[in-house]
Amino acid sequence: MASVADNVMRFFRGSSERAAEPAVPQKRMRRSSGMGEISRLLNSQEGLCVLDLGSTSANNINFLTEKGHKNYSEDLLRASLDPDLRVKDEAGNVVVDCKKFLDENLTYPNGVFDIVLVWNLPDYMEENLVKPMIDRLWSVLKPGGLLLAFFHTRDAGPDSPCYRFHITGTDMLEMQEVRLSDKHSPRLQRVFNNRHIENLFRDFASIKFFLARDAIREVLLVR
Amino acid sequence: MDAPKTGEYAHIGKSVVIKGELSGSEDLYVDGQVDGSIELRNNNLMVGPNGIVRASVSAKGVTVQGKLDGKINASDRVEFRKSAIVTGDVVAQRIAIEDGAYFQGKVDIQKESGKASAS
């Protein structure tokens, strides 16, 4: 009898252990209106300079270079987590050295890029880096250049996983959960409302919102 | 991936540190440290998992498993394995990046016909 009870308990314990986080980050597909607009530009011109600020993506590099464009990659989220960027302010609080972050990353001349893919960076980056990063991106964009960013809506919830985005088609993205070296996903730092987003991008010439069903607000800016 | 057999590649072991210009007419496997430049015009470079290369690289094909900080100019193919950490601009005919590799820089694909990505 004891051995039957042991087997039953082992079965249930085994089930709960199997329910632990999957070893491989999950992937899913989404249709992106913002990416569709970007693709229209990519298909209409050659030799564009595109800055991709997401995690290194072979898909994105191949998608862009096969169309004859130049691709620049910077994994800014990972770069922002560098412990060497952490300093203490006058009050003794640990903050991120914004100047050092920008000096070590995004070191491009002004007006270089036709397109910047920010993805969901502002939602997951340290607060004091977001606005300076956007200001720097404005500078490195050409007049008329496009910037695409994704923002969570309030419906997304605080535990929304951080995804990297692989371009798989004209308006299709494959979303893959980002896992850091400690196997955890970066935490959603904040939820921007429309007014916050408009303030963040106030130096841009125009702003277009696309609201999707998956609690993501896509924003397409023109410099 | 296993290191290539010694007979196939010239081998720089993980305890070796080289500073300066490295050139050759055979395939090269670097598992140590190289600072400077690597010129293997018609041959391949492989940076092993322990390799740390801070150099501009000119080769036929480049495969990276370790760290490479510098410009890569490959007449054929560039490949970053999942353990690769690469910072620098890449010019090649083809590029393959395994999931997990880290890359920061520009990619410029130049096809064999000589038709370059427009600047």
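Cut-offs and rules
- Residues numbered from 1 in each chain as written.
- Chains lettered and ligands numbered in written order.
- Predicted model: local features only at pLDDT ≥ 70, side-chain atom pairs only at ≥ 80, totals over all residues.
- Helix = DSSP H or I, 4+ residues; strand = E, 2+ residues; numbered from the N terminus.
- Contact = placed C-beta atoms within 7 Å.
- Buried ≥ 20, exposed ≤ 12 C-beta atoms within 10 Å, placed from the backbone.
- Core = buried A, V, L, I, M, F, W, Y, C linked by C-beta atoms within 7 Å.
- Nonpolar A, V, L, I, M, F, W, Y, C, P; charged D, E, K, R; others polar.
- Pairing = 2+ DSSP bridges.
- Axes fitted to C-alpha atoms, helices over the stretch in contact; angles between N-to-C directions.

> I'd like a description of the overall build of chain A, backed by residues and values.
Scanning chain A from N- to C-terminus turns up 8 helices and 11 strands. Taking as baseline every contact in chain A between residues at least 6 positions apart, the subset at least 24 positions apart corresponds to 67%.

> Tell me about the overall build of chain B, and please be specific about residues and values.
When you go through chain B residue by residue, the secondary structure sums to 0 helices and 12 strands. The N-to-C order of helical and strand elements in chain B reads β-β-β-β-β-β-β-β-β-β-β-β. By the burial criterion, 37% of the 119 residues in chain B qualify as buried. For chain B, long-range pairs separated by at least 24 residues make up 5% of all intrachain contacts whose partners lie at least 6 apart in sequence.

> Explain the nonpolar core to me, and be specific about the residues and the numbers.
Counting residues in hydrophobic clusters, the biggest one holds 85 residues, and the most contacted among them are A:Val50, A:Val116, A:Leu117, A:Val118, A:Leu147, A:Leu148 and B:Leu45. What A:Leu147 contacts, discounting residues up to four positions off in sequence, is A:Val116, A:Val118, A:Leu137, A:Leu141, A:Leu221 and A:Arg223.

> Please give an account of helix α3 (residues 58-66) of chain A that cites residues and values.
Where α3(A) is concerned, the buried positions are A:Asn60, A:Ile61, A:Phe63, A:Leu64 and A:Thr65. Contact partners of the buried residues in α3(A): β2 (49-52), β3 (70-73) and β8 (163-167) of chain A together with β11 (94-97) and β12 (102-109) of chain B. A positive phi of about 90 degrees marks A:Gly68, the residue just after α3(A).

> Any chance you could break down the environment of A:Leu48 for me, citing the residues and the numbers?
Residue and element names in this part refer to chain A. One can find Leu48 in the loop between α2 (33-44) and β2. On the basis of neighbour counts, which here come to 23 C-beta atoms within 10 Å, the residue Leu48 falls in the buried class. For Leu48, the residues in contact, after removing those within four places along its chain, are Leu42, His69, Asp114 and Ile115.

> Which residues make up the interface of chain A and chain B, and what are the values?
A common measure of how large an interface is: the accessible area buried when the components associate. At the interface, 14 residues of chain A touch 15 residues of chain B. Among the elements of the structure, α3 and β3 of chain A are those that each provide at least two residues to the side of chain A that touches chain B. The dominant element in the side of chain A that touches chain B, judged by the number of residues it contributes, is β3(A), at 4 residues. Residue composition of the side of chain A that touches chain B, grouped by class: 3 nonpolar, 7 polar and 4 charged.

> Tell me what's going on with the sheet that holds β8(A), and back it up with residues and numbers.
All names here are of chain A. Sheet architecture is open: 3 strands sit in the order β1-β9-β8, paired in antiparallel fashion. Only two strands of the sheet have a single neighbouring strand rather than two, namely β1 (27-31) and β8. Each adjacent strand pair in this sheet contributes to an overall mean axis angle of 30 degrees, direction not counted. Bridging between β1 and strand β9 (residues 172-177) involves 5 bridges; their strand directions are antiparallel.

> Would you mind going over the environment of B:Asn73 in detail, with residue names and values included?
Residue and element names in this part refer to chain B. Within the secondary structure layout, Asn73 lies in strand β7 (residues 72-74). The spacing of Asn73 and Ala92 is 19 residues in sequence and 6.2 Å in space, taken between C-alpha atoms. When neighbours within four sequence positions are excluded, Asn73 is seen to be in contact with Val57, Ser58 and Val91.

> Any details on the pairing of strand β4 (residues 33-47) of chain B? Residues and values, ideally.
Residue and element names in this part refer to chain B. By the bridge criterion, 7 bridges tie strand β2 (residues 17-23) to β4 in an arrangement that is parallel. Across the sheet, residue Glu21 finds its bridge partner in β4, namely Ser37. Alignment of strand β3 (residues 28-30) against β4, held across 3 bridges, turns out to be parallel. If you follow Tyr29 over to β4, its bridge partner there is Met46. Pairing geometry for β4 and strand β5 (residues 52-64), over 12 bridges, is parallel.

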